[in-house]
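Descriptive structure summary
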Amino acid sequence: MRRFAKLTAVAVTGLLLAVTVVGCGSSQPAPSTGGNTAAKKVVLKAGSTPPESHPYNLGLKKFKEIVEKETNGSVEVQIFPNSALGGEREMVEGLQIGSVDVVVTSTGPLGNFVPQMNVVDLPFLFRDNAHAWKVLDGPIGQDLLKKFEAKGIVGLAVWENGFRNVTNSKREIKTPEDLKGLKLRTMENKVHMAAFKAMGADPTPMAMPEVFTALQNKTIDGQENPIPIIAANRMEEVQKYVSLTGHVYSPAPLLISKTTFDKLTKEQQDAIKKAALEARDYERQQIQKQVDEESAKLKTKGMIFTTVDKKLFQDATASVYKQYENEFGKDLIDKILNTK
Ligand code: EAX
């Protein structure tokens, strides 16, 4: 009798052991990640608003490639372009609740999460791309990214959207006066709205997914964005004029949900940080490439490009600095302006 009992006990133990192993299988532990215990496979949902051809998504593809290689496949990145996961503000809210894992976004709506982030949206704050990269990749930019952690978001790197230009369907914009009365879509960004109000335009804040239809239905006359966004969204179909105002340099932070990030192993976190920085440099190159290439294509598609005297627009928006220097801090603004 005892022998039978013993046999049964062995069988039950074996069965329990088998069930335990199969149970872990549902999370398909990825191959061991070099020394650490096998990390559970993680799938990151990464969102952006522009269509697939835009450098945001070329950058996300590079990010995906590096992350999956560096983590030996234990982290997979799935890319959702074209506002598939919502507009930028919506996606950043998704980071906070963990429904979205990674977002590359303009700073447009980010002031709703970290008010001081909007300092970068001051008109003509950055002289050129190199000035912007120096500030954003240095202590000032890193300090701004750090402020997102208190909001459940980890700032990984600052990618690039680029210098923003005004497009419209009504007339050539050569001076700020030409903007008077123009119904212009801006991002949900109070600094941009203040700048266009100062120039006499009629700014309407709107999330990116609604812009093309609003331009098509002529509920707005124009919008403002960098050339790669204008091109990727086929705006030549609904806009005639591009004024190369370059009125704001638009950074594009790459953000990850803190809930998601904290669940990763140290090795996976290091891989994601490395990928964010390597993909940043690649993404910035792609933006520069598309500014040149897509400008040429938009001209052949019939858009009329106007170069302007930027000083006129800079002078017309100078009052915005006074309006916001208390909120952002005059010393921070001066530090950025004086960064060589
Ligand atoms: O980040 O909303 C905008 O105009 C942004 O430039 C666009 O979504 C890319």
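Note on numbering: residues in each chain are counted from 1, in written sequence order. Selection of residues for local features in this predicted model requires a pLDDT of at least 70, selection of side-chain atom pairs for listing and counting requires 80 or more, and totals for whole chains, interfaces and linings are taken over all residues. Derived side-chain values reflect all non-hydrogen atoms in the structure, with water molecules and hydrogen atoms excluded from consideration.

1. Here's the deal with the overall build of the protein
Applicable threshold: Here a helix means four or more residues in a row that DSSP labels H or I, a strand means two or more in a row labelled E, and each is numbered from the N terminus. Whether a residue is buried, partly exposed or exposed follows from its accessible area with a 1.4 Å probe, protein chains only, as a fraction of its type maximum: under 20%, in between, or over 50%, in that order. In this analysis, two residues are considered to be in contact whenever any of their non-hydrogen atoms come within 4.5 Å of each other. Note on areas: these come from Shrake-Rupley sampling with a 1.4 Å probe, and a residue is covered only by the protein chains present in the view.
Tallying secondary structure elements over the protein gives 13 helices and nine strands in all. When each of the 340 residues of the protein is scored for burial, the buried share is 52%. Long-range contacts, defined here as pairs at least 24 residues apart, represent 75% of the contacts in the protein between residues at least 6 apart. In the form shown here, the protein has an accessible surface area of approximately 15,300 Å², with 57% of it arising from carbon and sulfur atoms.

2. Considerations on the site of the ligand
Formally: One heavy atom within 4 Å of a molecule or strand is enough for the residue carrying it to be called near that molecule or strand. Two N or O atoms count as a polar contact when they lie within 3.5 Å, although within protein this holds only if one can serve as hydrogen donor and the other as acceptor, and sequence-adjacent residues are included solely when both atoms are side-chain atoms. Classification used: nonpolar for Ala, Val, Leu, Ile, Met, Phe, Trp, Tyr, Cys and Pro, charged for Asp, Glu, Lys and Arg, polar for all others including Gly.
As a matter of local geometry, the ligand sits amid T49, Y56, E88, S106, N161, R164, R185, M187, M208, N225 and I229. E88 places a side-chain nitrogen or oxygen 2.5 Å from an oxygen atom of the ligand. Burial of the ligand by the surrounding chains reaches 99%, relative to a free accessible area of 260 Å². Within the shell around the ligand, the residues separate by chemical class into four nonpolar, four polar and three charged.

3. Details of the pattern of salt bridges
Side chains carrying opposite charge are able to pair once their charged atoms draw close together. So the rule is basically this: Throughout this description, the term salt bridge denotes a Lys or Arg side-chain nitrogen within 4 Å of a carboxyl oxygen of Asp or Glu.
For the coordinates displayed, the defined rule picks out 28 salt bridges. Where K297 meets E294, a salt bridge forms, and the shortest distance between an N and an O atom there is 3.3 Å. Within this pair, K297 and its partner E294 are both found in helix α10 (residues 266-300), separated by three residues, close to a single helical turn. We note a salt bridge from D334 to K330, for which the minimum N-O separation is 2.8 Å. A residue pair is termed a helical-turn pair when its members lie 3 or 4 positions apart in one helix, as D334 and K330 do in helix α13 (residues 330-337) at four residues. By relative accessible area, which is 43% here, K330 ends up partly exposed. Salt bridges here are not isolated pairs; linked through shared partners, they connect K69, E70, K274 and E278.

4. Re the nonpolar core
Soluble, globular proteins show a tendency: their nonpolar side chains are buried together. In plain terms, the rule: As used in this record, nonpolar core signifies buried Ala, Val, Leu, Ile, Met, Phe, Trp, Tyr and Cys residues forming a set joined through side-chain atoms within 4.5 Å.
With 35 residues, the main nonpolar core has V119, L122, F126 and I336 as its most contacted residues. When contributions to this core are tallied by element, the ones reaching two or more residues are α3 (88-97), α4 (129-137), α5 (139-146), β4 (153-168), α6 (190-198), β8 (241-257), α12 (319-328) and α13. In terms of residues, this core owes the most to one element, α12, which gives four residues. Not counting the four nearest positions on each side in its chain, I336 is found in contact with V119, L125, F126, H131, V135 and I140.

5. Quick word on the pairing of strand β7 (residues 222-225)
The following threshold applies: Strands were regarded as paired on the criterion that DSSP finds at least two bridges between them.
Alternating residues of β7 divide into G222 and E224 and Q223 and N225, and every residue in both groups is buried. Where β4 meets β7, four bridges bridge the pair, whose relative direction is antiparallel. The partner of N165 across the bridge, within β7, is N225. Looking at chain direction, strand β5 (residues 183-186) and β7 are connected through two bridges and run parallel. What sits directly across from L184, in β7, is G222.

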